[in-house]
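Coordinates in review
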Amino acid sequence: MRGAHRGRSAILAVVMCLITACAALPEPVEVESSPPGPVVTATQADRIADDAAAVLTRLDTAGGWDQTVAATRLAGPALLWAVAANTSAQPNPISAATVEGPRDVLVAPVVSGWPRAFATVTQGDGGDGSARIAVYTNDSARTPYRLWAVMAVLDGEVVGPFPPATDGAVALTVPSSAPSTAPSASPRPLPDVVAQLPQRYLDVLTLGDASVYAPEFAADGFAAALAERTAAETDRLTSVATTTVSHEVVVDDQGREVAMAALTATGDALVMVAFRTTLTSTVRAGRGVIGVPTEFVAAVGVEQVSGTLTTESVAALAFVVPAERGNIRVVAVADGVAEVRVS
């Protein structure tokens, strides 16, 4: 019995020792994860841009069109323009030459999740097509970056400055919906201004100077040229057809209106948005026919229409929203016909 007692005592001592030792162990220390960095490095951005240029070259080669490749490497306006160029004689507003270097500035926002986007800025004199902004978007970790658009910087505009590429630009989180408010003299949070920008500029495109939001935007050559172009087409067909013009924001597959938003080194927001303009001309009874634009005859199969001719153009725009009081400016544009339909 004494031996058994001594055995139980030894076991109890060991258990108590283990409990004491466990109690003395230090508590787990949480290891902080590395902070997110720029979505791409300069080397990665160059590789993505080179891949996009190679795809554009392939798609533009006789017999090289591949819808799957186009949809995998192009997005938004770039994809719409490429499809239109393939089905018609309409030239693509972007080409491999516009994507290829030099790429002077990398605007890579610091983002930990998806969607992601970055831009490259090619510096130039402005207004002659040498200065441009190329935008690339990415919806998930399972898909590659896709070229969204290449926009020419407007004459007199300067894009930037931006933080060093190694530091990354501050990504602007755009709320999915911002309160719809009337123009106000009171400052609004920059994210709300950016969230409301697409619909407010859409109102300006639709109503021109009559829009209540017109004072928020600086006068820009794109809106003026678009208004002149649509007015000229309406006047050209006025004796034969009734023409209506409508505008809408181009959204991505997830319904997002803003393709990219990032802050410059001075705190201004660089924002990318696309718009679609639709001209619908319907021939009035007994008034004859209207001609289909020559470059789209092969695509629609007829040279003249006695019914309805619909032309859709898509424009990619880069805006700068000032951090402080000031007008929102359109600083870069790319515009092209996306589709022509007859019925």
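Above: the structure in question.
So, here's what we can say about the structure.

1. Brief notes about unusual backbone geometry
Following tryptophan 114, the chain continues into proline 115 via a peptide bond in cis, with omega recorded as 5°. Within the secondary structure, proline 115 is located in the loop between β2 (109-110) and β3 (116-122). For the bond running from glycine 160 to proline 161, omega is 5°, close enough to zero to count as cis. Inspection of the secondary structure puts proline 161 in the loop between β5 (146-153) and β6 (169-170).

2. Some words on the pattern of salt bridges
One pass over the full model with this rule turns up 14 salt bridges. For the salt bridge of glutamate 233 with arginine 236, the shortest nitrogen-to-oxygen distance reads 2.8 Å. In this pair, glutamate 233 and arginine 236 both sit in helix α7 (residues 221-237), 3 residues apart, roughly one turn of the helix. Overall, glutamate 233 belongs to the partly exposed group, its relative accessible area being 23%. Members of the salt-bridge network, linked through shared partners, are Glu248, Arg276, Glu312, Glu339 and Arg341.

3. Considerations on the side chain of arginine 276
Among the secondary structure elements, arginine 276 is positioned in strand β9 (residues 269-283). Here arginine 276 is in contact with Leu80, Ser246, His247, Glu248, Val250, Glu312, Ser313 and Val314, once residues within four sequence places are set aside.

4. Observations concerning helix α2 (residues 42-59)
Its 18 residues give α2 an end-to-end C-alpha distance of 26 Å, which sits within 8% of 26 Å, the value for a rise of 1.5 Å per residue. Buried within α2 are the following residues: Ala45, Ile48, Ala49, Ala52, Ala53, Val55, Leu56 and Leu59. Each buried residue of α2 sits inside an arc of 160° when the element is viewed along its axis, so together they form one side. Of the surrounding elements, those touching the buried residues of α2 are α3 (67-73), α5 (96-99), β1 (105-107), β3, β4 (132-138) and β5.

5. Points about the environment of alanine 334
Tracing the backbone through its elements, the reader meets alanine 334 in strand β13 (residues 329-342). Taking C-alpha positions, alanine 334 is 5.2 Å from alanine 316, a pair spaced 18 residues apart along the chain. The contact partners of alanine 334, leaving out residues within four places of it in the chain, are Trp81, Val150, Met151, Val314, Ala315 and Ala316.

6. Focus: the packing of aromatic side chains
All chains considered together, the criterion is met by 7 aromatic pairs. For the ring pair tyrosine 201 and phenylalanine 319, a centre distance of 5.0 Å and an interplane angle of 75° mean the geometry is edge-to-face. Residue tyrosine 201 is located in helix α6 (residues 190-207), and its partner phenylalanine 319 is located in strand β12 (residues 308-321); the two are separated by 118 residues in the primary sequence. Each member of the pair, tyrosine 201 as well as phenylalanine 319, is classed as buried. Ring geometry for phenylalanine 275 and phenylalanine 319: centres 6.4 Å apart, planes at 70°, overall edge-to-face. Of this pair, phenylalanine 275 sits in strand β9 while phenylalanine 319 sits in strand β12, and the two are 44 residues apart along the sequence.

7. Considerations on helix α4 (residues 76-87)
With 12 residues, α4 ought to run about 16 Å at 1.5 Å a step, and its terminal C-alpha atoms sit 17 Å apart, in line with that. For α4, every residue scored as buried is listed here: Pro77, Ala78, Leu79, Trp81, Ala82 and Ala84. Against the buried residues of α4 lie α3, β5, β9, β12 and β13.

8. Observations concerning the environment of arginine 73
In this fold, arginine 73 is placed in helix α3. Under the relative-accessibility criterion, arginine 73 is labelled partly exposed at 29%. Spatially, the C-alpha atom of arginine 73 lies 6.9 Å from that of tyrosine 145, the residues being 72 residues apart in sequence. What arginine 73 contacts, discounting residues up to four positions off in sequence, is Asp51, Val55, Pro144, Tyr145, Arg146 and Leu147.

Calculation rules
Residues numbered from 1 in each chain as written. Predicted model: local features only at pLDDT ≥ 70, side-chain atom pairs only at ≥ 80, totals over all residues. Heavy atoms only, no water. Helix = DSSP H or I, 4+ residues; strand = E, 2+ residues; numbered from the N terminus. Salt bridge = Lys/Arg side-chain N within 4 Å of Asp/Glu carboxyl O. Buried < 20%, exposed > 50% of the residue type's maximum accessible area, 1.4 Å probe, protein only. Contact = heavy atoms within 4.5 Å. Expected span 1.5 Å × (residues − 1). Arc of directions from axis to C-beta. Phe/Tyr/Trp six-rings, centres within 6.5 Å; stacked < 30°, edge-to-face > 60°.

In short, shape yes, function no, at least from these values alone.
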